Amino acid sequence: MITGAASGIGRGLARRLSALGSPVAIADIDEDGLAKTAASLSGRVLSRVLDVRDAADQVRFAAEVRAWLPAPLAAVFNNAGVAVTSSVLDAVPEDDDWLHDINFKGVVNGTRAFLPILVEQDDGVIVNTSSVFGLAGMPYQSAYCAAKFAVRGFTEALRQELRGTGVRAVTVHPGGVTTNIARNARMRKDPLGLGRTREQMAAQFEAITLTSPDKAAMIIHRGVEAGKARILVGPDAYLFDALTRVAPTHYYSVIARLRSTLGARRGEAV
Ligand SMILES: NC(=O)c1ccc[n+]([C@@H]2O[C@H](COP(=O)([O-])OP(=O)(O)OC[C@H]3O[C@@H](n4cnc5c(N)ncnc54)[C@H](O)[C@@H]3O)[C@@H](O)[C@H]2O)c1
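Just so it is clear, the structure is predicted and the values come from calculations on it, not from any experiment. (Residues numbered from 1 in each chain as written. Predicted model: local features only at pLDDT ≥ 70, side-chain atom pairs only at ≥ 80, totals over all residues. Heavy atoms only, no water.)

1. Quick word on the site of the ligand
Line of reasoning, step 1. Taken together, 30 residues form the shell around the ligand, and within it Ser7, Asp28, Tyr144, Val177 and Thr179 come nearest.
Line of reasoning, step 2. Within the side chain of Lys148, a nitrogen or oxygen atom sits 2.9 Å from an oxygen atom of the ligand.
Line of reasoning, step 3. Within the complex, 95% of the 830 Å² of free accessible area of the ligand lies under protein.
Line of reasoning, step 4. Residue assignment for the shell around the ligand shows that the elements contributing at least two residues are helix 1 (8-19) and helix 5 (142-161).
Line of reasoning, step 5. Split into classes, the residues belonging to the shell around the ligand amount to 13 nonpolar, 12 polar and 5 charged. (Near = heavy atom within 4 Å. Polar contact = N/O pair within 3.5 Å; in protein donor to acceptor, adjacent residues only side chain to side chain. Areas by Shrake-Rupley, 256 points an atom, 1.4 Å probe, with all protein chains shown as cover. Helix = DSSP H or I, 4+ residues; strand = E, 2+ residues; numbered from the N terminus. Nonpolar A, V, L, I, M, F, W, Y, C, P; charged D, E, K, R; others polar.)

Have a look at this one:
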């Protein structure tokens with residue numbers, strides 16, 4: 001089962017798992033995108049419009065998946081997510097709440113809905129998508145970082161509860177992946193005061209991403225198959241992980257220097 005399967009990493013996971021012969025249950029709030037994903041799959045697919053914020057509907061969906069599946073449920077990918085760009089000073093509470101409800105509560109809802117199935121089977125994996133922004137704090141990403149750190153804390157706590165059982169809880173920390181996330185982000189104004197539009201900022205984000213959605217899906221799938229508890233996606237994710245260990249209070253000095261060097265090469269404001 002994969003949420004956020006209408007686009008990006010979720011679509012990549014659906015295509016990969018389906019191509020390998022697995023039935024896939026795919027869910028998203030975006031009906032058109034979901035239909036496109038479903039149409040691109042050759043194997044068995046259960047396609048369901050779902051808002052991950054709706055806990056009761058997640059429970060209904062879990063029952064549908066269980067009834068539909070010919071075999072035990074192998075993995076639950078709580079992947080759907082959105083972004084908000086704003087300084088803390090200018091934050092619009094409604095935008096931050098929107099993000100927290102999807103990126104954190106959506107993951108909790110999905111975990112609560114599907115975990116009983118896995119526990120009953122005593123088998124399977126809950127795979128929750130955090131981010132490198134769940135490892136490091138980044139300016140103008142306070143809501144996103146807070147939600148992704150929360151996903152990490154929630155999933156790591158669950159992992160300990162599941163010790164000694166056949167069920168695993170896995171955290172995914174992608175670095176930059178070339179998806180629609182920045183184009184669909186909420187942004188009221190350029191936090192740097194440079195007057196950039198959302199499209200311009202999205203293009204800048206996409207220019208520094210190092211991983212395609214298909215590659216991300218491959219890394220996540222292989223990581224789950226290899227029994228990893230924590231999956232880093234992309235070389236930038238390894239860099240973030242190392243920096244936050246080596247310089248837990250100063251990592252951003254290094255990241256800012258790298259960003260300005262890369263941006264200056266492209267003649268951008270960073
Ligand atoms: N792209 C990156 O650089 C990156 C980096 C780190 C983490 N992530 C995380 O990876 C996950 C996948 O994002 P992506 O990059 O593929 O973005 P994306 O925008 O391409 O896909 C996200 C999907 O989530 C869906 N979605 C949004 N709100 C929803 C809701 N309420 N209910 C159900 N579905 C909803 C969207 O419709 C979309 O199809 C997200 O959790 C994101 O935070 C992405």
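Having seen the model, we can carry on.
2. Focus: the nonpolar core
Within soluble globular proteins, side chains that are nonpolar generally end up buried alongside one another.
Line of reasoning, step 1. Judged by nonpolar contacts, the single largest core of 46 residues is most densely connected at Phe61, Val65, Leu73, Leu99 and Phe114.
Line of reasoning, step 2. Looking at this core, the elements that each hand over two or more residues are strand 2 (24-28), helix 3 (55-68), helix 4 (93-121), helix 5, strand 7 (167-174), helix 8 (235-246) and helix 9 (251-265). (Core = buried A, V, L, I, M, F, W, Y, C linked by side-chain atoms within 4.5 Å. Buried < 20%, exposed > 50% of the residue type's maximum accessible area, 1.4 Å probe, protein only.)

3. Points about the packing of helix 8 against helix 9
Line of reasoning, step 1. Between helix 8 and helix 9, the least distance of the axes is 8 Å, while the angle of their chain directions is 140°. For the pair helix 8 and helix 9, contact is made by Leu239, Phe240, Leu243 and Thr244 and by Tyr251, Val254, Ile255 and Leu258, respectively.
Line of reasoning, step 2. Taken together, the residues that form the contact of helix 8 with helix 9 break down as 7 nonpolar, 1 polar and no charged. (Axes fitted to C-alpha atoms, helices over the stretch in contact; angles between N-to-C directions. Contact = heavy atoms within 4.5 Å.)

4. Thoughts on the layout of surface pockets
Which parts of space are left empty comes out when a probe the size of a water molecule is rolled across the atoms.
Line of reasoning, step 1. There is about 450 Å³ of room inside the second largest pocket.
Line of reasoning, step 2. Taken together, 24 residues line the second largest pocket, and the ones lying closest to its centre are Leu17, Ser22, Leu73, Ala74 and Ala75.
Line of reasoning, step 3. Breaking the lining of the second largest pocket down by element, the ones donating at least two residues are strand 2, helix 3, strand 4 (75-78), strand 6 (124-129) and helix 7 (213-225).
Line of reasoning, step 4. Sort the elements by how many residues they give to the lining of the second largest pocket and helix 7 lands first, with 3 residues.
Line of reasoning, step 5. Across the lining of the second largest pocket, the residue classes tally to 17 nonpolar, 4 polar and 3 charged. (1 Å grid on protein atoms, 1.4 Å probe; cavity = no way out; pocket = protein on both sides within 12 Å on 5 of 7 lines; lining within 4 Å. Points joined across faces, edges and corners; volume = space filled by probe spheres on them.)

5. Digging into unusual backbone geometry
Line of reasoning, step 1. Backbone geometry places Asp122, a non-glycine residue, at a positive phi of 55°.
Line of reasoning, step 2. The exposure class of Asp122 is partly exposed, given its relative accessible area of 44%.
Line of reasoning, step 3. The backbone of Tyr140 sits at a positive phi, close to 70°, despite the residue not being glycine.
Line of reasoning, step 4. Tracing the backbone shows Tyr140 in the loop between strand 6 and helix 5.
Line of reasoning, step 5. Owing to a relative accessible area of 30%, Tyr140 belongs among the partly exposed residues under this scheme.

6. Let's talk about empty space enclosed by the protein
Line of reasoning, step 1. On inspection of all chains with the given rule, the structure shows 2 cavities of 30 Å³ or more.
Line of reasoning, step 2. Quantified by volume, the largest cavity comes out at close to 40 Å³.
Line of reasoning, step 3. In terms of lining residues, the largest cavity is bounded by Val84, Ser86, Ser87, Val88, Ala91, Asp96, Tyr140, Gln141, Ser142, Ala143 and Tyr144.
Line of reasoning, step 4. A total of 3 residues in the lining of the largest cavity trace back to one element, the largest contributor, which is helix 5.
Line of reasoning, step 5. Its residues assigned to classes, the lining of the largest cavity comprises 6 nonpolar, 4 polar and 1 charged.
Line of reasoning, step 6. Empty space within the second largest cavity amounts to approximately 30 Å³.
Line of reasoning, step 7. When residues in the lining of the second largest cavity are grouped by element, the largest group, 3 residues, is from helix 4.
Line of reasoning, step 8. Among the residues forming the lining of the second largest cavity, the class breakdown is 4 nonpolar, 4 polar and no charged.

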